[in-house]
Amino acid sequence: CGTENGIAEDLSNARSQLAVESRMSPLFVHDPSKGTTLRDRFSLDGNPDINKLWTSSTIEFIGENGKLELMETPLTPAEFALGEVRFKKQFHKMPADAAATAIPIAEYVEMSLAAREGHVPFVWATDAKKHLIKVACTEAIASLVEDRKRFWQTLQYLSGQHEDQMEGKYLKEVEALKAQYEEVLQLRESSLDDIATAMSSLAASSKAPARGRSPLPLTVTGGSSVATAQAPAATKDASCAEVAAEGTGPIYLAPEDEAKCNDCGTCYQELPQFFEKKIMIVDGESQTVATMIPGALDTVQLTPDLQRRMDRVKSACDAEIIK
């Protein structure tokens, strides 16, 4: 009940959305008809940044120069609790001289109990004049964040993200081995070239007649040796990065086009593995836009279903900036 918790009725939807985004009440779907494995049946669609522990929040504040500024911070359940009347006694504004002991709560919950000694967790907020302030949290709020963190990580595991991480790590290792193999081949060819050049120089400077063929199994063409062994082709499933067109990938949003976004939400709702929303300042005012997640195209495998979703997002983009 919004009224019982001090929330105006017209803000209930916004509070519900914040509950999801902060991992206070994340969404999940278990549909037995989707497949035979838990990974097939379990989905975290609807949550932001499902591959991350926390999503991010952008705070708008008036800086010392009197102009609007933005600061991005992790969005934890503490930020949600800060806006609830029931948690009011668990927060208080930190004095300016307490900065030395203040630790952002997202970092605080990662520290050991011994390391927390003498430190106070806090969240960023703004005062009535929209100036940036630190709000201290009690240990009860820290425990709440830890509990929700463990719950979210359990959901990530059930959705098979640990398998995705292993696959991504495997692909990186394959790429590293492939690069190392190609480097060895180049060094070998370079060494053979040096040997062939030295033999040519020796033959040219010697007065002795050539006797038969070179004892080394080299083929010299135009002063360069050609290795007879062929490197086996490395094969693996194509990733989105490998089907890139001029480095942009199978779907792309140019950074210079972000300001044209009208925040229809299609891209980051349909393809949260590639897109996320952010707030930027355009002409002195804050604006919510979509942006591409750096490196998101590197390990995701391009499947027919994913390609269809990409095509749908391209055609549904209101601003027509998704290419």
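The present account deals with the structure reproduced in this document. These numbers were taken from a predicted model, which means no experiment stands behind them.

A short note on helix 9 (residues 304-316)
Now for step 1: Along its 13 residues, helix 9 runs 18 Å from first to last C-alpha, staying within 8% of the 18 Å computed at 1.5 Å per residue.
Now for step 2: Taken together, the buried positions of helix 9 are Leu306, Arg309, Met310 and Val313. Burial along helix 9 is one-sided: seen end-on, the buried residues are contained in an arc of 100 degrees. Summarising the geometry of helix 9, the exposed residues directed more than 90 degrees from the buried face are Pro304, Arg308 and Ser315.
Now for step 3: Along its buried surface, helix 9 packs onto helix 8 (266-270).

Overview of the packing of aromatic side chains
Now for step 1: Going through the model one piece at a time under the given rule, you end up with two aromatic pairs.
Now for step 2: For the ring pair Phe122 and Trp124, a centre distance of 5.2 Å and an interplane angle of 85 degrees mean the geometry is edge-to-face.
Now for step 3: For Phe122, a relative accessible area of 3% translates into the label buried.
Now for step 4: The partly exposed category is assigned to Trp124, whose relative accessible area is 25%.
Now for step 5: In this arrangement the basic side chain of Arg15 is found over the ring face of Phe80, its NZ or CZ atom lying 4.5 Å from the centre.
Now for step 6: The lysine or arginine in question, Lys134, covers the ring of Phe122, its NZ or CZ lying 4.9 Å from the ring centre.

Quick look at the pairing of strand 4 (residues 68-75)
Now for step 1: Two elements, strand 3 (residues 55-62) and strand 4, share eight bridges in a ladder whose sense is antiparallel. Residue pairing across strands places Thr55 opposite Leu75, the latter belonging to strand 4.
Now for step 2: Counting the residues that bridge the hairpin from strand 3 to strand 4 gives five residues, and of these Gly66 lies at a positive phi of roughly 80 degrees.

Brief notes about empty space enclosed by the protein
To find leftover empty space, one rolls a probe the size of a water molecule over the atoms.
Now for step 1: Summed over all chains, the structure comprises one cavity of 30 Å³ or more.
Now for step 2: The space that makes up the largest cavity amounts to roughly 90 Å³.
Now for step 3: Along the walls of the largest cavity sit 15 residues, with Cys261, Cys264, Cys267, Ala290 and Cys317 positioned nearest its centre.
Now for step 4: Ranked by the residues each element gives to the lining of the largest cavity, the list is headed by helix 8, at three residues.
Now for step 5: Here the lining of the largest cavity is composed, by residue class, of 10 nonpolar, three polar and two charged.

What about the layout of surface pockets?
Now for step 1: Space inside the second largest pocket adds up to approximately 1,200 Å³.
Now for step 2: In terms of lining residues, the second largest pocket is bounded by 38 residues, among which Leu18, Glu21, Ser56, Ser57 and Leu75 are the most central.
Now for step 3: Among the elements of the structure, helix 1 (12-21), strand 3, strand 4, helix 3 (77-82), strand 7 (120-126), helix 8, strand 11 (275-282) and strand 12 (285-292) are those that each provide at least two residues to the lining of the second largest pocket.

Some remarks on the side chain of Asp49
Now for step 1: Tracing the chain through its elements places Asp49 in the loop between strand 2 (42-43) and strand 3.
Now for step 2: Despite its burial, Asp49 pairs with no opposite charge; the closest candidate is Lys52, at 4.3 Å N-O.
Now for step 3: Within polar-contact distance, the side chain of Asp49 engages the side chain of Thr55 at 2.6 Å.
Now for step 4: Other than its neighbours up to four places away in sequence, Asp49 contacts Arg23, Thr55, Ser56, Trp152, Glu276 and Ile293.

Regarding the nonpolar core
Soluble globular proteins: nonpolar side chains tend toward being buried together.
Now for step 1: By size, the foremost hydrophobic cluster in this structure holds 20 residues, and its most contacted members are Ile251, Leu253, Cys267, Leu271, Phe274, Phe275 and Ile322.
Now for step 2: Elements represented by at least two residues in this core include exactly helix 8, strand 12 and helix 9.
Now for step 3: Sequence-distant contacts of Cys267, defined by excluding residues within four places in its chain, comprise Pro272, Phe275, Ala290, Val313 and Ile322.
Now for step 4: Membership of the second largest hydrophobic core comes to 19 residues, among which are Met24, Phe87, Val123 and Ile141.

Regarding the state of the cysteines
Now for step 1: The full count for this structure, using the stated rule, is zero disulfides.
Now for step 2: No disulfide involves Cys261; its nearest neighbouring cysteine sulfur is the one of Cys267, lying 6.1 Å away.
Now for step 3: We note that Cys264 lacks a disulfide partner, and the nearest cysteine sulfur, in Cys317, lies 5.4 Å from it.

A look at the pattern of salt bridges
Now for step 1: Enumeration according to the criterion identifies 12 salt bridges in this entry.
Now for step 2: Note that Arg86 is salt-bridged to Glu84, the shortest N-O span being 3.1 Å.

How each quantity is defined
Residues numbered from 1 in each chain as written. Predicted model: local features only at pLDDT ≥ 70, side-chain atom pairs only at ≥ 80, totals over all residues. Heavy atoms only, no water. Helix = DSSP H or I, 4+ residues; strand = E, 2+ residues; numbered from the N terminus. Expected span 1.5 Å × (residues − 1). Buried < 20%, exposed > 50% of the residue type's maximum accessible area, 1.4 Å probe, protein only. Arc of directions from axis to C-beta. Contact = heavy atoms within 4.5 Å. Phe/Tyr/Trp six-rings, centres within 6.5 Å; stacked < 30°, edge-to-face > 60°. Lys NZ or Arg CZ within 6 Å of the ring centre and 35° of its normal. Pairing = 2+ DSSP bridges. 1 Å grid on protein atoms, 1.4 Å probe; cavity = no way out; pocket = protein on both sides within 12 Å on 5 of 7 lines; lining within 4 Å. Points joined across faces, edges and corners; volume = space filled by probe spheres on them. Nonpolar A, V, L, I, M, F, W, Y, C, P; charged D, E, K, R; others polar. Lys, Arg positive; Asp, Glu negative; His and termini not counted. Salt bridge = Lys/Arg side-chain N within 4 Å of Asp/Glu carboxyl O. Polar contact = N/O pair within 3.5 Å; in protein donor to acceptor, adjacent residues only side chain to side chain. Core = buried A, V, L, I, M, F, W, Y, C linked by side-chain atoms within 4.5 Å. Disulfide = S-S within 2.5 Å.

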